[in-house]
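Understanding the architecture of this molecule
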Amino acid sequence: MKLRHAGLMYLFAILLGIFSGYSEIPSLQAFAAFVSELFIRIFKCISLPIIALSMIVTLSGYSADQAMKKIWQRTILYTLSTTFIAALVSALLYLLIRPGNVNSALPPSQQAPVALSYLQHLSSLVPENIFSPFLEHQVMGVLLVGILIGIAIRYIPDEAPRRTITDFFKGIHGIFMVITRWVVAIIPLGLFGFISVTVAQFRQGMDLKGIGQYLLIIVLANLVQGFVILPAWLKLNKIPPFAVMRKMLPALSLAFFSKSSAGTLPVTIATAERRLKLNPRITRLVLPLCTSLNMNGCAAFIFTTVIYLMQNNGMALSLGTLGLWVVVATITAIGNAGVPMGCFFLSASLLASMNVPINLLGIILPFYSLIDMLETALNVWSDSCVTQLVNSKALQDEELAQQPGLAIVEPVH
């Protein structure tokens, strides 16, 4: 009954958002814009502390047993694999569709004010002080701080201080999870605001001439990854993919309209634990990690955008170049922040560092709202798949260990 009422609330919010976006009622549109901005601020406010606290609480209680080692290894393997496959899918689609150049006259080329190399980008992820990642909304910096503090707690020599600081962070984490439940309860209101603003943007009209094939590659890459590759991966592991997708729909719909996987993280964790019944010990480790590392949609966008701009500026593109950029796009996507337009600005930084004119990004920008929605939903869907599979593998390991005469032993080195 509760699920039915929740579904009706989501449906009502979506319909009201569509009506608001198409309406000519200034007060209603202003209220929708206010709600959208308010929820984005709420998500930014609680998402980064939850990322850091989840890592600290998990790692401070981490034991180097075989089960936890496997959880870490599988998480890293699955995130890298799915992100690489997403970039590879976009490369195959690029070769198949072969998009033409933009025929319209381009405005004068503009140089970026600061052209950062990727190594400089990586070094900038290390915070100058412990608070700057939170103030500047640097997801990777927050993740790094959380990992370091969580590991450091385990090495405090005195048990009493170690237990005290661990209990402190667990209490703060509990507070934010309570706040998250409150936010989840009013999510339909947020969806109304996001959908209304999105519909209003589409009403402005967009000209697809000259760039439709480029957009088609990105959209198809996201759809193939989301509805073919990831479901097939779950199916091969005897997990019903579309049942998982249906249960994760609250998080996926919020990710689609908010365009922030980091902002959606609290809802993703709550949905995975409540509707998929996943182990909180796994969700609160794997999902924060995936939010920063598992960027399927971003990998596809980076590859397609960089290659397309190189092509439009007369640079030679060989199969070797395409293969290299599949790898680069995978690595680069891992360093992307899960916030709105994070992937767009990262792509611009990479292109500027290679002295590739970025003026064409001005034409792509009006379409990026839709691309960003697809990317974010795909990222959260991939995070959910990784977490579901890691949880299932952990259950299989436990069942194996409990069988008479069988035990999981440490490998001999």
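Our structure's up above, just so we're on the same page.
Remember, predicted model here, so these are calculated numbers, not experimental data. Residue numbers restart at each chain and count upward from 1, following the sequence in its written direction. It should be noted that, the model being predicted, local features are given only for residues of pLDDT at least 70 and side-chain atom pairs only at 80 or more, the latter also being counted only at that level, while totals for whole chains, interfaces and linings use all residues. Calculated side-chain values reflect all of the structure's heavy atoms, with hydrogen atoms and water omitted.

What to know about the overall build of the chain
The criterion, for reference: The helix count covers DSSP runs of H or I at least four residues long, the strand count covers runs of E at least two residues long, and both are numbered beginning at the N terminus. Buried means the residue's accessible area, taken with a 1.4 Å probe over protein chains only, is under 20% of the maximum for its type, while exposed means over 50%, and partly exposed covers the values in between. By definition in these notes, contact holds between two residues if any of their heavy atoms fall within 4.5 Å. In this description, accessible areas are obtained by the Shrake-Rupley approach with a 1.4 Å probe, and a residue is regarded as covered only by the protein chains that are shown.
Scanning the chain from N- to C-terminus turns up 18 helices and zero strands. Counting across all 413 residues of the chain, residues that qualify as buried make up 50%. Partitioning the contacts of the chain with sequence separation of at least 6, the portion at a separation of at least 24 is 83%. A total of about 19600 Å² of accessible surface is found on the chain, and carbon and sulfur atoms cover 68% of it.

Observations concerning the packing of aromatic side chains
To keep things clear, this is the line we draw: Note on aromatic pairs: the rings of Phe, Tyr and Trp (six-membered ring only in Trp) are paired at centre separations within 6.5 Å, and the planes decide the class, stacked below 30 degrees, edge-to-face beyond 60, tilted for the rest.
Taken as a whole and judged by the stated rule, the model has seven aromatic pairs. With centroids separated by 6.4 Å and ring planes inclined at 85°, the aromatic side chains of Y94 and F303 adopt a geometry described as edge-to-face. Taken together, the residues Y94 in helix α3 (residues 66-97) and F303 in helix α14 (residues 296-312) connect sequence positions 209 residues apart. Each member of the pair, Y94 together with F303, is buried. Ring centres of F168 and F169 lie 5.4 Å apart, and the angle between their planes is 70°; on these two criteria the pair is classed as edge-to-face.

Some remarks on helix α9 (residues 212-236)
Condition: What a helix should span is 1.5 Å times the count of its residues minus one. Fitting one axis to the seven residues ending at a residue and another to the seven starting there, the bend at that residue is the angle between the two axes.
For α9, built from 25 residues, the straight-helix expectation of 36 Å at 1.5 Å per residue is met to within 8% by its first-to-last C-alpha distance of 34 Å. Considering bend angle alone, the principal kink of α9 is centred on Q225 and spans about 35°. All of the buried residues in α9 are Y214, L215, I217, I218, A221, N222, Q225, G226, L230, P231, W233 and L234. Trailing α9 by a residue or two, K238 shows a phi angle of about 60°, which is positive.

With respect to the packing of helix α7 (residues 159-185) against helix α12 (residues 261-274)
The following threshold applies: The angle between two axes is taken between their N-to-C directions and runs from 0 to 180 degrees, where each axis is a line fitted to C-alpha atoms and a helix contributes only its stretch in contact. In this scheme, roughly parallel covers angles under 35 degrees and roughly antiparallel covers those over 145, while 65 to 115 is roughly perpendicular and the rest are oblique. Any residue that is not Ala, Val, Leu, Ile, Met, Phe, Trp, Tyr, Cys, Pro, Asp, Glu, Lys or Arg is counted as polar, Gly included; the first ten are nonpolar and the last four charged.
In contact at an axis separation of 10 Å, α7 and α12 are set at 90° when each is read in the N-to-C sense. The orientation of α7 relative to α12 falls into the category roughly perpendicular. Residue-level contacts link M177, T180, R181 and V184 of α7 to P266, V267, I269, A270 and R274 of α12. Each residue belonging to the contact of α7 with α12 can be placed in one class, and the counts come to six nonpolar, one polar and two charged.

Remarks on α14
In a regular helix each residue adds 1.5 Å, so 17 residues correspond to 24 Å; α14 covers 25 Å between its end C-alpha atoms and thus fits that length. Counting buried residues along α14, 16 of its 17 residues qualify, which places the element largely inside the surrounding structure.

Examining the pattern of salt bridges
Keep this limit in mind: A side-chain nitrogen of Lys or Arg and a carboxyl oxygen of Asp or Glu constitute a salt bridge if their distance falls within 4 Å.
Applying the stated criterion across every chain, the model contains two salt bridges. Put simply, E159 and R163 hold a salt bridge, and the shortest N to O gap is 2.4 Å. Taken as a pair, E159 and R163 lie in helix α7 at a separation of four residues, close to a single helical turn. Linking R284 and E273 is a salt bridge whose minimum nitrogen-to-oxygen distance equals 2.8 Å. You can see R284 sitting in helix α13 (residues 280-293) and its partner E273 sitting in helix α12, a full eleven residues away along the chain. With relative accessibility at 15%, the residue E273 sits in the buried group.

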